[in-house]
Amino acid sequence: MSALFILIGISLFVAGSFLAAFIWSVGNGQFDDDYTPSIRMLFENQPKESTTEKKTNQNKS
Amino acid sequence: MLLNENDLCTYYNIDQSPGIKAKGKFVSSRFAYLEDESIIDQLVQFRSEGQMNVTFSLPQMHCSSCIFLLENLHRIEEGVTRSQAHFERKEVFISFDPTIISLRKIVELLAFIGYEPAISLNDAAPKKKSTYNHQKIAELGVAGFCFSNIMMLSFPEYFSGGEIEQQGLKETFSWIILGLSLPVLIFGAKSIFVAAWKGLRQGIINIDAPIALAIVITFGRSYYEIISGNGAGYLDSGTGIIFFMLIGRWFQHKTYDAISFDRQYKSYFPLGVTVLKDFKEENIPVTRLQKGEIIIIRNEEMIPADAVLLQGTANIDYSFVSGENIPVNKKNGELLFAGGKQKGGAIQLRVVKEPSQSYITQLWNNDVFGKSKNKEQSFIHPWSRYFTAVLFSIAIGGAIYWWINDPAKILPVVTAVLIVACPCSLLLSATFTFGNMLRIFGKNKLYLKNASVIESIAKVQHIVFDKTGTITDTGNALVQFKGTSLSSAEEEWVCTAAMQSSHTLSSSLASHLRTDHFKQAPEMLYFSETAGKGLVAEMEGARVQLGGASFVDVANQEHAQTSSCVFVKINDTYKGFYEIGNHYRPGFKELSTKLQLNKFRLHVLSGDNDAEKNNLTQIFGPRAPLFFNITPQQKLAYIKELQQKHQNVMMVGDGLNDAGALMQADTGIAVSDDAARFSPACDAIMDGAVLNKLASFIDYAKAGKNIVMICFILSIMYNVVGVSFAVQGKLAPIVAAILMPASSISIVLLVTLLTSWVAKRKGL
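Residues numbered from 1 in each chain as written. Chains lettered and ligands numbered in written order. Predicted model: local features only at pLDDT ≥ 70, side-chain atom pairs only at ≥ 80, totals over all residues. Heavy atoms only, no water.

Some thoughts on the overall build of chain B
- The helix and strand tally for chain B stands at 27 helices and 26 strands.
- Expressed as a percentage of the 764 residues in chain B, the buried residues total 54%.
- In chain B, 69% of the contacts between residues at least 6 apart in sequence involve partners at least 24 apart.
- When the accessible surface of chain B is split by element, carbon and sulfur atoms take 55% of a total near 34,300 Å². (Helix = DSSP H or I, 4+ residues; strand = E, 2+ residues; numbered from the N terminus. Buried < 20%, exposed > 50% of the residue type's maximum accessible area, 1.4 Å probe, protein only. Contact = heavy atoms within 4.5 Å. Areas by Shrake-Rupley, 256 points an atom, 1.4 Å probe, with all protein chains shown as cover.)

Some remarks on empty space enclosed by the protein
Residues and elements named next belong to chain B.
- Within this structure, the stated rule accounts for five cavities of 30 Å³ or more.
- A volume near 190 Å³ is recorded for the largest cavity.
- In terms of lining residues, the largest cavity is bounded by 15 residues, among which Ile241, Val420, Leu739, Met740 and Ser743 are the most central.
- Every element with two or more residues in the lining of the largest cavity is listed here: helix H12 (235-252), helix H15 (410-420), helix H16 (424-443), helix H26 (694-727) and helix H27 (733-761).
- Broken down by element, the residue count for the lining of the largest cavity peaks at five residues, all from H27.
- Considered class by class, the residues forming the lining of the largest cavity number nine nonpolar, six polar and no charged.
- In this structure, the second largest cavity encloses a volume near 130 Å³.
- Elements with a minimum of two residues in the lining of the second largest cavity: helix H8 (132-160), helix H9 (169-188) and H12.
- Grouping the constituent residues of the lining of the second largest cavity by class yields eight nonpolar, three polar and three charged. (1 Å grid on protein atoms, 1.4 Å probe; cavity = no way out; pocket = protein on both sides within 12 Å on 5 of 7 lines; lining within 4 Å. Points joined across faces, edges and corners; volume = space filled by probe spheres on them. Nonpolar A, V, L, I, M, F, W, Y, C, P; charged D, E, K, R; others polar.)

Section: the sheet that holds strand E26 (residues 684-687) of chain B
Residues and elements named next belong to chain B.
- Strand order in the open sheet formed by seven strands is E14-E26-E25-E24-E15-E22-E23, with mixed pairing between adjacent strands. Looking at which strands have only one partner, the edges of the open sheet turn out to be strand E14 (446-448) and strand E23 (626-627).
- Examined bridge by bridge, strand E22 (residues 601-605) and E23 share two bridges and lie parallel to one another. From the neighbouring strand, Val604 faces E23, where its bridge partner is Leu626. (Pairing = 2+ DSSP bridges.)

Describing the side chain of His134 of chain B
- Structurally, His134 of chain B can be placed in helix H8.
- When residues no more than four places from it in sequence are discounted, the contact partners of His134 of chain B are Val26, Gly27, Gly29 and Asp32 of chain A.

Brief notes about unusual backbone geometry
All names here are of chain B.
- Although it is not a glycine, Asn571 adopts a positive phi angle of roughly 50 degrees.
- Its location among the elements puts Asn571 in the loop between strand E20 (565-570) and strand E21 (573-581).
- By relative accessible area, Asn571 is classed as partly exposed at 40%.
- Located in the positive-phi region is Lys599, a residue other than glycine, with phi close to 70 degrees.
- Examined against the element boundaries, Lys599 turns out to sit in the loop between helix H22 (588-597) and E22.

Considerations on the pattern of salt bridges
Residue and element names in this part refer to chain B.
- Here the structure, examined in full by the defined rule, presents 10 salt bridges over all chains.
- Residues Arg104 and Glu108 are paired through a salt bridge, measuring 3.0 Å at the closest nitrogen-oxygen approach. With a gap of four residues between them, Arg104 and Glu108 both fall in helix H6 (residues 103-112), about one helical turn apart. As far as burial versus exposure is concerned, Arg104 and Glu108 are alike and both buried.
- Among the salt bridges present, the one from Lys635 reaches Asp466, with a minimum N-O distance of 2.9 Å. (Salt bridge = Lys/Arg side-chain N within 4 Å of Asp/Glu carboxyl O.)

A few points about H26 of chain B
- Between its first and last C-alpha, H26 of chain B extends 49 Å over 34 residues, near the 50 Å set by a 1.5 Å rise per residue.
- Just downstream of H26 of chain B, Gly729 of chain B is the residue with a positive phi angle, here 75 degrees. (Expected span 1.5 Å × (residues − 1).)

What to know about the domain arrangement of chain B
- Each domain of chain B was delimited in the assignment, giving domain 1 (2-119), domain 2 (132-255 + 377-433 + 705-761), domain 3 (265-365), domain 4 (438-474 + 585-701) and domain 5 (478-581).
- Computed over C-alpha atoms only, the centres of domain 2 of chain B and domain 5 of chain B are separated by 74 Å. (Domains from an automatic or database assignment.)

Regarding the packing of aromatic side chains
Residues and elements named next belong to chain B.
- A full pass over the atoms with the stated rule returns 17 aromatic pairs over all chains.
- Ring pairing ties together the aromatic residues Phe147, Phe243 and Phe244, which thus form one cluster.
- Just above the ring of Phe87 sits the side chain of Lys90; from NZ or CZ to the centre is 5.4 Å. (Phe/Tyr/Trp six-rings, centres within 6.5 Å; stacked < 30°, edge-to-face > 60°. Lys NZ or Arg CZ within 6 Å of the ring centre and 35° of its normal.)

So this is what it looks like as structure tokens:
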């Protein structure tokens, strides 16, 4: 049963570090915008292809 | 074109109707003031050799494609290093290299792709970032963390009935609980103590006072029990109550990122102005504009200060200031007021008053704008006074009973009564009701500044309306033709002629006549316009004259007194006239009838002339007071006068001319066709399309009070159960731990269901 004391300590430490991470992220502004990032991720797969195309376009002109 | 060049064609794959408006036409010198170093300094947030950061507000941002386009600015322009959109706030953050591209170029690019940044005098003021929300969320996080851990550590106590075999385990748990409860007491409950203290200092017992008392007693007794080692305390319930109340406060604190409720004239006025110095044009910030300077105002630009016209044809649209929606023609030497917009060519003015001293800005010197609105206390505060009185009498009654029977039980019983009868359920029912109602109002496009506006709407007796832009729809004018009917070809000629002019009447006439079946527009041979008077146009086969009676030279002048008539002459034959009337918002007549049936008194204050008097009498009935040619100051005074008769007044208006009245009224609602766009300081912003629902909104606000009442009765029932345990001295921590979440959760559920159900019944 004395293992319980250690386990409680560990669990509180783990939970506490999550709380600290949460407070840090709040202060960091991660919860300020809850809409735009959901749209932004839809665009993300595009840059590679377009940079190569851009080059060819520049060559043409 | 522009998109294609830069490989942004996929833009169109993302949204079916991206709806980009390439507003390519703007006078290139319009943003010239952005070259001024002091203006740049005021606008940018960060500045170094090779980097400049700036945030613009873009009211036009409306769809996901907008985000895509704005975040890909670096592919369109070389110097942009990064751009990040914030959709809810309709803002874009741009980081760029000032050695490659200037701030002006960035703004011009944004304007070119259809997102002209709204830069106003207000942006120059130092910005303060609100950390309010951050702190609220952090408090909530801490309280939630501590509460859930305390709950978990309390389980052994509940199930074992207070007996735990393992030596020292019970004490350890108690001490950990004590440690965990401290941040909740200090950090989480701080706002409750502050509010209670503020109330007490003003001699008012608000709802926070009995709650603060309950918290102090709960925590005090629990700490005593834990430290002396003869009990587990009620810290689980205590932290739970604080956590639920913090959720309620956060839920009620709904904010609309894209909407600003406290705008003043600075938000409307331009940041820069073109000044003529030594025959050279120069751009300076408006704040540095001085008396006697000569300024140049171009088409669609706003006059920033009261000034005298020196040169040019002034055709000033004062709709913003006075509500008058037809541009006024001014002669040289006449005084032009700040806030007017020039329609037509460039004009030169000599400034006679500094911007802050102008006619319209003087409205803001009124006391109303200095003090924050003296909000009446919410109705839950008087209730909490009765509640506190009843609570103390029960506690004293219990104390007397146990003093006779078993004096040792006095202290436990009294503290137990005060712990269990905490009026937090009353606070919870109010915060959740109003929070949910705010959301439902928001869904119906009525955006309230905060929850107390719901209560002030519920108390309204008088409703004062502004005319132009509020009950009339400026976008759609009602056009009627009177005279010998025109053939299709003749209509086409009139339409073509009207399209050449930028006068408001011409443009509403043109948009009325424009239909699809018109063939190729006839070729224009000759066109001349006398600003504010009329126009002459010659085209294939016809000579069209449009304008006022005197301009068209009509013998029959019976309607000449109303300014909103356009007389038509084709090939020197008088055909008749178009009467361009105000178009009232659909459903407004029904609304006014409904409101009057519900015993609301309606008033109309219009800055416009009385041309619409007959129509308004039809809508509002013969008894409603209608006033015309009212100045902004008079509007304010009128509302004040009503209030002095102890009447509760709601003002519904738009534009700057209503700003004083909106501020003075108990409830000021600004009507706007686009909520994210400009509207003066007010308590609520309403989308113009839902004005006809005003009666339902008021009804719903009234129902809100009843909902809080029902939940209050429910919470009293819980309290009766809890108190009956407490007075017998049987309040085990487990009873408190069951009652607390059960009452809180059931009240929150009931409130949510009731508010949604009532909203549905009211058609919201």
